[in-house]
Amino acid sequence: MEDIYVRHLELLGYEKRFFPSQHYVYMLMVKWSDLSEKLIYRTYPEIHTFHKSLKDMFPIESGQIEKRDRIIPSLPAPRWLWESEKSRETTKSTLAEYCQKVISLPPHISRCKHLSNFFKVRPEDENPPAPNTLKRAETFLVSRDQARGVASEISAPIILDTYRVIADFEKSTKYEITLHTGDLVEIVEKNENGWWFCQCESKRGWIPASYLEPLDGPDEAEDAEPNYEGDEHITIQAYKAEQDDEISLEVGETVEVIHKLLDGWWVVRKGDETGYFPSMFLSKAGKRERLNPGGQRPPPRRSTIRNAKSIHNKSRQRLSQDTYRRNSRRYFQQKGSRLSEPQRNSKNAAKSPLKERKNQDNIPEMSGSSSESELKKEAPVIPPRPSPELILERCTDNTRKKVSIHKSQSSSSS
């Protein structure tokens, strides 16, 4: 059987560790000829030592005999590298470029045993040392262009968020990742379409955000606040509703997005109708952008996941479609009243609900023309009491139920 060899080598970033002492390790994705992929960690001095031994093994190709014959790429010494990162003015090869060039060497070098042994998985790659309980390891990522050798600098530090898997997920494509309940993953990329790219030990791939929860509590706080003014989008793919709170739309329809949720299912408004719709089937009005560049299917919704097990006592809360519709009507009513309302120059002008709420105790307001210690002599304007129908329309569902129960009890007693 022929020995396997490294067919692709990519620098993903580096990690600042604090155990047993502060040091840096580089994250390298190694793809082998047998189609396996492994994530390994190497320190820069280790890589530089390997580079020097590779030059000694191939003196002609390293230019030790004739400089013009050199094909092995150069690699700066560790101290020189760190100085260049601080100044960010280096013009020589970096580790990302070195990885690309060393694998592109002739087969007698790129497939030699020395190179294969150095990039093989070690026990410490699969089982990193126990983390420091006082400080968390910091991960520094390299952009895709930098990994391809386009740029020569490492990006700014990014501390990856850790999430917990709430249910078993089985991958259906080679780009996804199989995970089990309770697994801890680090999020590399959060995509608006609801598919997140994560890493778990030596595995990397896409997983629906609905299968994940943060460690510090329910994740509804991460979602954006509803925007009832709406953000216009155009449907780029038709979708037929499968749940009662979803909405069916055809290609080319214009809708207003009123709530963008992290799981990739956004609440959209079409006239008086609202419902969940896959964000990957939407495009910003006036732009030719797609939220589904990888051709992925819509991620499953949290409500459809069976045997989901959360570690938090407080469950994730979502607004009902009736609440979205009621708030949308209220927004349009307030917007219409603001447009029709004249400029409030008189003292008897109607007060806004915010001012009414702040002045519930009928505290006299201070006059702008008089001194600050002088109160207004005239009584404050008391707004008219709203009708019972308006109160019932604006109150919560819980209050509405209590009112109906009270009415039924009073009618039965009479």
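Conventions adopted
Residues numbered from 1 in each chain as written. Predicted model: local features only at pLDDT ≥ 70, side-chain atom pairs only at ≥ 80, totals over all residues. Heavy atoms only, no water. Core = buried A, V, L, I, M, F, W, Y, C linked by side-chain atoms within 4.5 Å. Buried < 20%, exposed > 50% of the residue type's maximum accessible area, 1.4 Å probe, protein only. Helix = DSSP H or I, 4+ residues; strand = E, 2+ residues; numbered from the N terminus. Contact = heavy atoms within 4.5 Å. Pairing = 2+ DSSP bridges. pLDDT = per-residue confidence, 0-100.

Caption draft 1: Structural view of the nonpolar core. Counting residues in hydrophobic clusters, the biggest one holds 39 residues, and the most contacted among them are L179, V185, I207, L212, V268 and F277. Taken together, the elements giving at least two residues each to this core come down to β5 (161-165), β6 (184-190), β7 (195-200), β8 (203-208), β11 (254-259), β12 (265-270), β13 (273-278) and α8 (321-340). Sort the elements by how many residues they give to this core and β7 lands first, with 5 residues. Ignoring any residue separated from it by four or fewer positions in sequence, one finds L179 in contact with V165, A167, D168, F169, V185, C198, C200, K203 and I207. Membership of the second largest hydrophobic core comes to 28 residues, among which are W32, F58, V102 and L115.

Caption draft 2: Highlighting the pairing of β8. Of the strand pairs in this sheet, β7 and β8 are connected by 6 bridges, and their pairing is antiparallel. Counted as the bridge partner of W195 is P208 from β8. Between β7 and the antiparallel strand that follows it, β8, lie 2 residues; E201 among them carries a positive phi value of about 60°.

Caption draft 3: A look at the confidence of the model for the chain. Residues of the chain with pLDDT of at least 70 account for 69%, and the chain-wide mean is 76. Confidence scores differ between elements of the chain, with helix α9 (residues 353-358) showing the lowest mean pLDDT of 44 and helix α5 (residues 113-118) the highest of 94. Here residues 80-93 is a poorly scored stretch, pLDDT under 50, and it has 22 contacts once near neighbours within four places are set aside; other chains count. Throughout residues 146-158 the model reports pLDDT below 50, and contacts reaching past four residues in sequence, or to other chains, amount to 36 contacts.

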